[in-house]
Amino acid sequence: MITTSSLLQQLRVPVIASPMFIASGVELVVAQCKAGIVGSFPALNARPAAALDHWIDRIETELARHDRDHPGEPAAPYAINLILHKSNDRLQADLDTCVRRKVPIVITSVGNPAPVVEAVHAYGGLVIHDVINQRHARKAAAGGVDGLILVCAGAGGHAGRLSPFAFVSEVRRWFDGLVLLGGAISNGEHVLAARAMGADLAYVGTRFIATPEANVQPEYRQSVLDAGAEDLVYTDLFSGVHANYLRSSVSAAGFDPDHLPPKGEHGENFGSDSMHKSKVWRDIWSAGQGVGCVDAIQPAGQVVAAMRRSYEAAKTRL
């Protein structure tokens, strides 16, 4: 059984790595957990659905080996992201696997988390839900989640428009569970700032694209290194939900980044085949405004170690 307090005690730096479509796989999750933060991946990244069990086997085997060899620095727990949207035809099968394997943390998105909460709480796991506004936050809290991920302006992937200062402060007025903050968090100073404003944990994605463990093309990594915060396009054209994409990849896919229509013609689609067949995520690359803070391709363990050092240095300096 894992609790919110035991989770915080297990982390060497208060960070959960966000689950990134395609990019987050076994290698990245294992590296993140070994380094002392929660590693996560979307269940839909394991294709076909039967592969999810195999991915969990590999992760748990590697983390158990690490704990055996490094008893003084045990690995952090891992998390799996479930998309709750009605178009996800794998949801029940993936949830059944998570329950059977007693996945310690389940991250839910795009839907009502209440049924997942009931199933995961039955074996002692945690459920945290990502939201972009107060209405979604209150609905998720009513569903019994253990934590809320506040995805603010500047986040990679599906991102909101709210300032983190406003969003965290408002949620903290009525919610006493775990609060995670996402949106352009790239280093230890940012993590400390998130905690100072009331979040328990930072939610970090884009920084881990520029790692050798991320399951992305070399050109994607280089684009992250080359980009600044203004080199992003915020649109709902490609997935039906507003998200941030690298301008260079939008152009390379044949679109004019400055003259995009307002809505994807097919609407939201999170089914088992959608991410495989679509150019979205595979060829049109997502990233957050934190790209301007990414200067080198480094192993995930080194990224976390540097984050930890700068986090502690910022505390001392302040």
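Rules used throughout
Residues numbered from 1 in each chain as written. Predicted model: local features only at pLDDT ≥ 70, side-chain atom pairs only at ≥ 80, totals over all residues. Heavy atoms only, no water. Pairing = 2+ DSSP bridges. Helix = DSSP H or I, 4+ residues; strand = E, 2+ residues; numbered from the N terminus. Buried < 20%, exposed > 50% of the residue type's maximum accessible area, 1.4 Å probe, protein only. Contact = heavy atoms within 4.5 Å.

Asker: What exactly am I supposed to notice about the sheet that holds strand E11 (residues 243-246) here?
Answerer: Within a sheet, each strand pairs with its neighbour through backbone hydrogen bonds, oriented either parallel or antiparallel. With antiparallel pairing, the three strands of this open sheet are ordered in space as E7-E11-E10. One side of each edge strand has no neighbouring strand; the edge strands of this open sheet are strand E7 (157-158) and strand E10 (232-235).

Asker: Just to check I follow, could you spell out the environment of cysteine 152 for this structure?
Answerer: Mapping cysteine 152 onto the fold places it in the loop between strand E6 (147-151) and E7. With relative accessibility at 0%, the residue cysteine 152 sits in the buried group. In this structure the C-alpha to C-alpha distance between cysteine 152 and arginine 138, which are 14 residues apart in sequence, comes to 16 Å. With sequence-adjacent residues up to four places away left out, cysteine 152 is seen in contact with Ala159, Gly160, Leu162, Ser163, Pro164, Phe167, Leu181, Gly182 and Gly183.

Asker: How do you make sense of unusual backbone geometry when you look at a structure like this?
Answerer: Outside of glycine, negative phi angles account for most residues, and trans bonds account for most peptide bonds. The residue after arginine 47, namely proline 48, is reached through a cis peptide bond having omega 0°. Looking at the element boundaries, proline 48 is found in the loop between strand E2 (39-42) and helix H3 (51-69). Even without being a glycine, isoleucine 22 presents a positive backbone phi close to 70°. In this fold, isoleucine 22 is placed in the loop between strand E1 (15-17) and helix H2 (26-35). The phi dihedral of alanine 184 is positive, around 65°, even though this residue is not glycine. Summarising the element assignment, alanine 184 is placed in the loop between strand E8 (178-182) and helix H8 (188-196).

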